[in-house]
Protein chains: 2
Amino acid sequence: MRDDVPRGPGQPVVVVSTLDTKGRETAYVAARIREEGLDVLVVDGGVLGEPRGITPDIDHASVARAAGTTLEAVRASGTRGAAVEVMARGLSRVLADLYRQGRCAGVIALGGAEGAVMAARAVQALPLGLPKLIVTPVAAGQRVFDPFVGLRDVLLLHSVVDILGLNPVSRPIFDNAAGAIAGMVRARAARRPAAGQDRLVGLTMLGNTTPAVTRIADGLEAAGFVPVVFHSNGVGGQCLEEMIADGTFVGVIDFTTDELTDQLVGGYHAAGPHRLEAAARHGVPQVVVPGCVDFFVTGPRESVPERWRGRPQYHHNPALTLVRASRDEMVEVARLMAGKLNACRGPVVVAVPLQGLSIPNTPGGVFHDPEADAAFRVALRDHLRRDIPVVEVAAHINAPVFAETVLALFQGLMQEDPDRSPNGAVS
Amino acid sequence: MRDDVPRGPGQPVVVVSTLDTKGRETAYVAARIREEGLDVLVVDGGVLGEPRGITPDIDHASVARAAGTTLEAVRASGTRGAAVEVMARGLSRVLADLYRQGRCAGVIALGGAEGAVMAARAVQALPLGLPKLIVTPVAAGQRVFDPFVGLRDVLLLHSVVDILGLNPVSRPIFDNAAGAIAGMVRARAARRPAAGQDRLVGLTMLGNTTPAVTRIADGLEAAGFVPVVFHSNGVGGQCLEEMIADGTFVGVIDFTTDELTDQLVGGYHAAGPHRLEAAARHGVPQVVVPGCVDFFVTGPRESVPERWRGRPQYHHNPALTLVRASRDEMVEVARLMAGKLNACRGPVVVAVPLQGLSIPNTPGGVFHDPEADAAFRVALRDHLRRDIPVVEVAAHINAPVFAETVLALFQGLMQEDPDRSPNGAVS
């Protein structure tokens, strides 16, 4: 989803909060943003009480109505979780409407545990590039990023103290939050609108495929394409899929498809069941490489589940351990990959390196297992549609010759399809 | 740690990156910050190669030297993790020195998986209120906040795409990052220096004690104190302890000490073994309440470990389940609390409500267990130093009379100690 609403002068910064408990602090932040010369529009997502010390521009009854219900019904919904769910829906609708009307130059939200997640759900419905900042004490500790960030460029600021009171600890943090959103809104206003003529190509990478993908990206640039590289860590792959569906790319080089293995075994880099499907569905030309499908990712060394303890492991860093996929898992991944590629409506080529799919998968490396890799290749060929070419290269995945081959295959696909428009529709 | 270095004109924004892989992108961000009229100082934390397309002000050899070693030794250290560890130490030293010299108005870091954690370690050594922003693709998914945020007001921006290449997806995100740090640095420069005369009081709260703590905070304000409220969720309590040790508070009302129970059983809100120790060690007057020690916190309902399944549970939200502490655990918590308070070098009072320690701990509530609560009280009295008063109030923890009692006890302590200086030293 692109940030393509025209940027008129005086577009307000939208301030979201639960004003029954955070009215005073919200008023303070709004005043700081106004001091920067920007307009402010305050939206109340609070369920329980009335605003304290501030009058919102869009009140909580309107937010409930935007969710197709009433504040009374939300209050009667029984659990805190159910109420938040409904208000998040209403807030998403309110923010999306404001954005479309040119009345949202960016969003800043102040939230506690529930308020932050509610606001996060709503800002995730807004496009990339539109400033979105959440200030909350719960962006810390053992909580995970996903509910706050999703697939978007959300900024999170740990408030350190609770959002309750203006004091010498909280004020500098609120000042910084107001400064950050104001600075981002100014940066957005100063951006030249995109020319829209770039021939963008989506790529996927991990540390284990960085040498190859860097070389391919350089080659794409030299050929007049604009490479956009995603980190295929479970979120990056989903972002790629979403942007493919939005028509962002003229083509895709899905070089690092490890997320399929993680999806299969339940690894950290699982990207959901729809990975590797958007390009197929939308007919976007793609070269697919089984980069890093020979391993999956799990947590710190000492937390590796019992069932994987006996496997070859690579200690990537204190937080992540890579575990070698077994022969049977490799066959399953091949079947999964083939099934998804068989649905391709556009041109597709598969390229497979014969001498290792990741850095430790090389003679002497901990993931060296030529037998499992061969089983993968056999299964892939067996299950793949007969008209989809599989190009095997007698090289390691990071060998220059493999990168050059992938680049040449991609350019070949694009030449087959020279008039392809950049919006993803095959012309 | 306070942000108290004088803010001279022209203090640069420090840009931290690994320039061997992210040189071009870092140069882009630095240029955007300079366009805002701010000075920039670039620090290279990259281990492997030489800077690409940019010349740092402080090079990676200097960062290694700041860690007491050489770049060659770092490169020879064997694992990626070990190298990052050393460079993080060097970077922390470099940033702290720049800050003390008045050459750091804020820090922005661009990092991949390792680079982001390395930069995070370094910015966490800087004081609260100093702008600190990290842009990284790994601030998403199932990763946890702790390594990135620690106890500080760090802003994290999910870069969506890898920090590799300037394109229509990455440029708006980098523009926003530059705008955010510039806006924060301006906000900091505009801040009036703190008068230093505020009589700050630290308080701890959870949703379960909000009614009482709000009332106490209002009362403190009316009495000329400035309340600073922490969310006792495992991080908030640690932040409180750190600020007590820094001499921030004239007194503490540690109303919500649930983190002790989590520490004991291994719950989500564990705050480490030193919770409830700083005020005792530094002689800061405190009123301590066993708020919410009757439960601990674990994950989503379906993930509650087998050993706790049979316990009374409260489904706080989809991500958190509260579990009732058993009689034996309550006795252990009392022993733990008494041991810590017995070390108090300053005045201390314990206040205990007799009719429930949390919202669901009330007749008919899922955590109602008067027998376990009574066992807690007996154990606390048994183990507590004889001269520490325990005030028991025949009310629920959120009853107005309990809040008023705690407030009166605190004011009593402060009158005993009227000349206490705000820097935490007993005069």
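Residues numbered from 1 in each chain as written. Chains lettered and ligands numbered in written order. Predicted model: local features only at pLDDT ≥ 70, side-chain atom pairs only at ≥ 80, totals over all residues. Heavy atoms only, no water.

Draft legend 1. How the structure looks around helix α14 (residues 400–416) of chain A. All names here are of chain A. Between the first and last C-alpha of α14 there are 24 Å, a value that for 17 residues agrees with the 24 Å anticipated at 1.5 Å per step. Looking only at α14, the buried set comprises Phe402, Ala403, Val406, Leu407, Phe410, Leu413 and Met414. Considered in projection along α14, the buried side chains sweep an arc of 135° and stay on one side of the axis. Away from its buried face, by an angle of more than 90 degrees, α14 presents the exposed residues Gln415 and Glu416. For α14, the secondary structure elements touched by its buried residues are β6 (200–205), α8 (210–222), β8 (251–254), β9 (286–288), β13 (348–353) and β14 (390–393). (Helix = DSSP H or I, 4+ residues; strand = E, 2+ residues; numbered from the N terminus. Expected span 1.5 Å × (residues − 1). Buried < 20%, exposed > 50% of the residue type's maximum accessible area, 1.4 Å probe, protein only. Arc of directions from axis to C-beta. Contact = heavy atoms within 4.5 Å.)

Draft legend 2. The domain arrangement of chain A, seen in detail. Residue and element names in this part refer to chain A. With domains assigned, chain A is organised as domain 1 (13–190) and domain 2 (200–416). The centre of domain 1, based on its C-alpha atoms, is set 38 Å off from the matching centre of domain 2. Across the domain 1/domain 2 interface, buried area totals approximately 360 Å², and carbon plus sulfur atoms make up 64% of it. Broken down residue by residue, the surface that domain 1 buries against domain 2 is led by Leu128, Leu151 and Arg152, which jointly contribute 90%. The tally of links from domain 1 across to domain 2 stands at 1 salt bridge. For arginine 152, the salt bridge identified is with glutamate 242, shortest N-O distance 2.8 Å. Applying the counting rule to domain 1 against domain 2 returns 1 residue pair in polar contact (both at pLDDT 80 or more). Of the residues in the side of domain 1 that touches domain 2, the class split is 2 nonpolar, 1 polar and 1 charged. (Domains from an automatic or database assignment. Buried area = accessible area lost by both parts, 1.4 Å probe. Salt bridge = Lys/Arg side-chain N within 4 Å of Asp/Glu carboxyl O. Polar contact = N/O pair within 3.5 Å; in protein donor to acceptor, adjacent residues only side chain to side chain. Nonpolar A, V, L, I, M, F, W, Y, C, P; charged D, E, K, R; others polar.)

Draft legend 3. Molecular detail of the relation of the copies chain A and chain B. In the superposition of chain A on chain B (RMSD 0.1 Å, axial shift 0.0 Å), the rotation amounts to 180°. These values place the two chain copies in the arrangement generated by a two-fold rotation axis. Of all interface residues in chain A, 100% are interface residues in chain B too; the two copies therefore contact each other through one and the same surface. (Least-squares fit on C-alpha atoms with pLDDT ≥ 70 in both.)

Draft legend 4. Fine view of the nonpolar core. If you look at the biggest cluster of nonpolar residues, it comprises 178 residues, and the most contacted ones within it are A:Leu133 and B:Leu133. Ignoring sequence-local partners within four residues, the contact set of B:Leu133 consists of A:Leu155, B:Val107, B:Ile108, B:Ala109, B:Leu155, B:Leu157, B:Ala177, B:Ala180, B:Ile181 and B:Met184. (Core = buried A, V, L, I, M, F, W, Y, C linked by side-chain atoms within 4.5 Å.)

Draft legend 5. Region of the structure containing the pattern of salt bridges. Enumeration over the complete set of coordinates arrives at 50 salt bridges over all chains. Between A:Arg7 and A:Asp3 there is a salt bridge whose closest N-O contact spans 3.2 Å. When its relative accessible area of 13% is taken as the criterion, A:Asp3 is described as buried. Here B:Glu329 makes a salt bridge to B:Arg311, at a shortest N to O gap of 2.8 Å. With B:Glu329 in helix α12 (residues 327–341) and B:Arg311 in the loop between β10 (295–298) and β11 (313–317), the pair connects residues that are 18 residues apart, well separated along the chain. Salt bridges here are not isolated pairs; linked through shared partners, they connect A:Glu241, A:Asp254, A:Glu259 and A:Arg275.

Draft legend 6. Quick look at the packing of helix α4 (residues 80–100) of chain A against helix α5 (residues 113–123) of chain A. All names here are of chain A. Across the interface, α4 lies against α5 with an axial gap of 8 Å and an inter-helix angle of 35°. For α4 against α5, the interelement crossing comes out right-handed. Contacts from Arg80, Val84, Glu85, Met87, Ala88, Leu91, Ser92 and Leu95 of α4 reach α5 at Glu114, Met118, Ala119, Arg121, Ala122 and Val123. In terms of residue class, the contact of α4 with α5 is built from 9 nonpolar, 1 polar and 4 charged. (Axes fitted to C-alpha atoms, helices over the stretch in contact; angles between N-to-C directions. Left-handed = near helix turned anticlockwise from the far one by under 90°.)

Draft legend 7. Representation of the interface of chain A and chain B within the structure. Contacts between the two partners involve 67 residues from chain A, matched on the other side by 67 residues from chain B. Our enumeration of links across chain A and chain B arrives at 23 residue pairs in polar contact (both at pLDDT 80 or more). Going through the elements one at a time, α6 (146–149), β5 (155–158), α7 (170–190), β6, α8, β7 (226–231), α9 (236–245) and β11 (313–317) of chain A are the ones with two or more residues in the side of chain A that touches chain B. Here the side of chain A that touches chain B gets 10 residues from one element, more than from any other, and that element is α7(A). Here the side of chain A that touches chain B is composed, by residue class, of 38 nonpolar, 15 polar and 14 charged. Across 3 bridges, the pairing between β5(A) and strand β5 (residues 155–158) of chain B is antiparallel. Note on β5(B): the bridge partner recorded for A:Leu156 is B:Leu156. (Pairing = 2+ DSSP bridges.)

Draft legend 8. Spatial organisation of unusual backbone geometry. With a phi close to 65°, A:Val160 is a non-glycine residue in the positive phi region. With a relative accessible area of 2%, A:Val160 lands in the buried category.

Draft legend 9. Examining the state of the cysteines more closely. Taken as a whole and judged by the stated rule, the model has 0 disulfides over all chains. Between A:Cys239, a cysteine without a disulfide, and A:Cys292, which holds the nearest cysteine sulfur, the sulfur-to-sulfur distance is 18 Å. (Disulfide = S-S within 2.5 Å.)

Draft legend 10. Here's a closer look at the sheet that holds β11(A). Residue and element names in this part refer to chain A. The strand order β10-β12-β11 describes an open sheet built from 3 strands, whose pairing is antiparallel. A single partner strand is all that each edge strand has here, and the edge strands are β10 (295–298) and β11. Between one strand and the next, the sheet's axes are offset by a mean angle of 25°, whatever the strand orientation. Two strands pair when backbone bridges link them, and β10 and strand β12 (residues 320–324) are joined in this way by 4 bridges, in the antiparallel orientation. Directly across from phenylalanine 295, in β12, lies its bridge partner arginine 324.

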